[in-house]
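# Architecture and fold: a report
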Amino acid sequence: MPEAFHKDFSDRNSVRSNRRVRSLRQRHRRAKPFFVARLPSPGWFPLIGAAGGFAFILILVSIAGHPVDAKVDETLSLIQEEWLKPGFPDHPAAAPKMINTRLKEGDSSISALERLGFDAPTAHRMIRKAKPVYSLARVQAGHHFERIDGLSGIDVYYHIDGLTRLHLHRASASDDWQASLSTRKTITRQHIASASITDSLFAAAAAAGLDDRTTMNLVDIFAWDIDFARDIRKGDSFKVLYEERFDDTGSLLGSVIMAAEFINQGKSFKAVRYEQLDGQIHYFTPNGKSMRKAYLKAPVKFSRISSRFQVHRKHPVLGYTRAHRGVDYAAPSGTPIRAIGDGRIEFAGWKGGYGRFALIRHTNSNHTTAYGHMRAFARGIKKGKRIRQGQIIGYVGMTGLATGPHLHFEFRLRGRAVNPLTIKRAPAKPISSSEIARFQQQTSPLLSQLQELSSNPAWS
Ligand SMILES: [Zn+2]
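Residues numbered from 1 in each chain as written. Predicted model: local features only at pLDDT ≥ 70, side-chain atom pairs only at ≥ 80, totals over all residues. Heavy atoms only, no water.

Attention now goes to the coordination of the zinc ion. Taken together, His-324 (NE2), Asp-328 (OD), Asp-328 (OD) and His-408 (ND1) make up the full set of protein donors to the zinc ion, lying 1.9 to 2.8 Å away. Bound by four donor atoms, the zinc ion shows angles of 52 to 157° at the metal and therefore irregular coordination geometry. Look at where the donors of the zinc ion fall in the sequence and you get H-x3-D-x79-H. Of the two residues, His-324 sits in the loop between strand S12 (304-307) and strand S13 (327-330) while His-408 sits in strand S21 (residues 406-413), which places them 84 residues apart along the sequence. Accessibility expressed as a relative area gives 3% for His-324, which makes it buried. (Donors = N, O, S within 2.8 Å, 3.2 Å for Na, K, Ca; no water. Tetrahedral: all angles 85-135°; square planar, octahedral: opposite > 155°, others 65-115°. Helix = DSSP H or I, 4+ residues; strand = E, 2+ residues; numbered from the N terminus. Buried < 20%, exposed > 50% of the residue type's maximum accessible area, 1.4 Å probe, protein only.)

Here we come to the sheet that holds strand S14 (residues 336-338). Across the sheet, three strands lie side by side as S14-S20-S18; this open sheet has antiparallel pairing. At either end of the open sheet lies a strand with only one pairing partner, and these are S14 and strand S18 (376-377). Note that S14 and strand S20 (residues 392-395) share three bridges and pair antiparallel. Across the sheet, Ile-337 pairs through a bridge with Gly-394, a residue of S20. (Pairing = 2+ DSSP bridges.)

Time to look at the pairing of S21. With seven of its eight residues buried, S21 lies for the most part within the structure. Bridging between S13 and S21 involves four bridges; their strand directions are antiparallel. Directly across from Val-327, in S21, lies its bridge partner Phe-409. Sheet topology places strand S17 (residues 367-374) next to S21; six bridges connect them, and they run antiparallel. Opposite Ala-370, over in S21, you have Glu-410 as the bridge partner. The sheet contact formed by S21 and strand S22 (residues 416-418) spans three bridges and is antiparallel. Across the sheet, Arg-412 pairs through a bridge with Ala-417, a residue of S22. Here S21 folds back onto S22, and the loop between the two strands holds two residues, one of which, Arg-414, carries a positive phi near 50°.

Dropping the structure here:
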C-alpha cells in the first residue's frame, strides 16, 4: 500500500489540500505579475493620496450639482478652492509604466535593454554598474527584463531565477544607476514517500503524495539502471526523500529528490544527491559511482518493444525475410524520443524506408545511434547540432516503411548495427578518491533517513 510520511507530522489529507491550494495559488500568480502583488513603494503614497482626494472632489462636485442645503454648498466651495489650486494636474497622474522583454536564443542583455527603450550607451552603463553584483554577460534565453517607470525613477529588474533578481535603479536622469540583488525567502519542507506498485508507477507515486514532475525526476535518476518501459513489475517499490521549496507567499517553487531507493524485481537501486566540489550536482550510488551510465537504456520512456534485434525476420511491410538490425519501440504517435547519450547530429532528414530519420554520433565517436520513422524532429534538430543525453530529438511516428507508430532504434559500433539491448554500459565518472570522504559525510545522513523508513516497524 502506498504510504506518505511527512517529517512535520502533517497528515496526508492536509498535504493533498495544501497541494490544491498551491495549484490555485500558482494559477493566481500566473494571472498577476510579481510587481502587482507588491505594496506600493513610499514614492507612490502622495500620488495615491492625490488621486483619492481628486476622486473625492469629483463626488462632491456631482453632489454640488443638486444642492439640498445652502450650508453644504458653502462647505463645498471651500473644499474646491483648497484642492483645485493652480498646478494640480487636471487628471490623476498616469499609473507607472511597465514593460517586459523576454530573452530569446542568442539574445544579449544589450539588445534586451534597447528593447526596453534605453540607448546603447545607457545599456552599456547599466551593465557596467551591475557587474560587481551580477554579470549581465551571463543572461539566459527564457529569462526576462522588466522596466518600471514610476514616480521614484526607473527600476529595471532582471529575473535571475524564481527567487533572485537583479535590481537597477535610477532616481532621475542626472543620477547614476544603482545595482542590487534581492532574494525572496524560501521555506523548505522535507518529506519521505514510499509506495509499492500495484497498477502503474504514476498511480502509486501520486497516491504516495508525489507530483508528476517529482515522479519524472525519479524515473530520470534510475533511467540508466531500470528500463521503465519493460522492467517494472507489480510489487516493485520505491522510497523517496525529497524537499519541497516554497516562497514567502507559500507557492511551491519546486521539489528536489535528496535520496531514493527503487526495488525492481527484487533488486535494490539506491541514489543520493550530491553537490561536488566543482559545484556540479549529480546522483550517485551510496559508494560514489555515478547514476549516469554511458547511455540511457531506452530512447523512449513508457513504451513497449514490438520487435527485437534479429538477423532473420519477415519484414512486416516488404513481406520477405530481412535482418532487423534494431529495436522497435511501439509508442503512441507524438511520444518524445530522447538521445541516449551526448553527441552531435550527423544526419537529420528523410532516408528511404526509415522515413524521417536522425543519426547521432556520440562522445565516443565509435558509437552512433539511429532513430527512424519519426513524425517530426524536435525544434532545432539539424546536422551538426550538439545533443545532450536525454534531450528530446523528435517524436514517434510512422513515416517510411512502418505499419504503426513506433521508433526504430539502432546502436552502431563503428558503423555496424549491434543489439542495443545487450551492449555493455560503462559508468560515468565516480567521485574521486580525494573527495570521497566529503561525499560520505554529506550523503550518509540522507541515506540513513531513507533507511530508517524501512527499519521502523510503525512505517512498514
Ligand atoms: Zn525496426
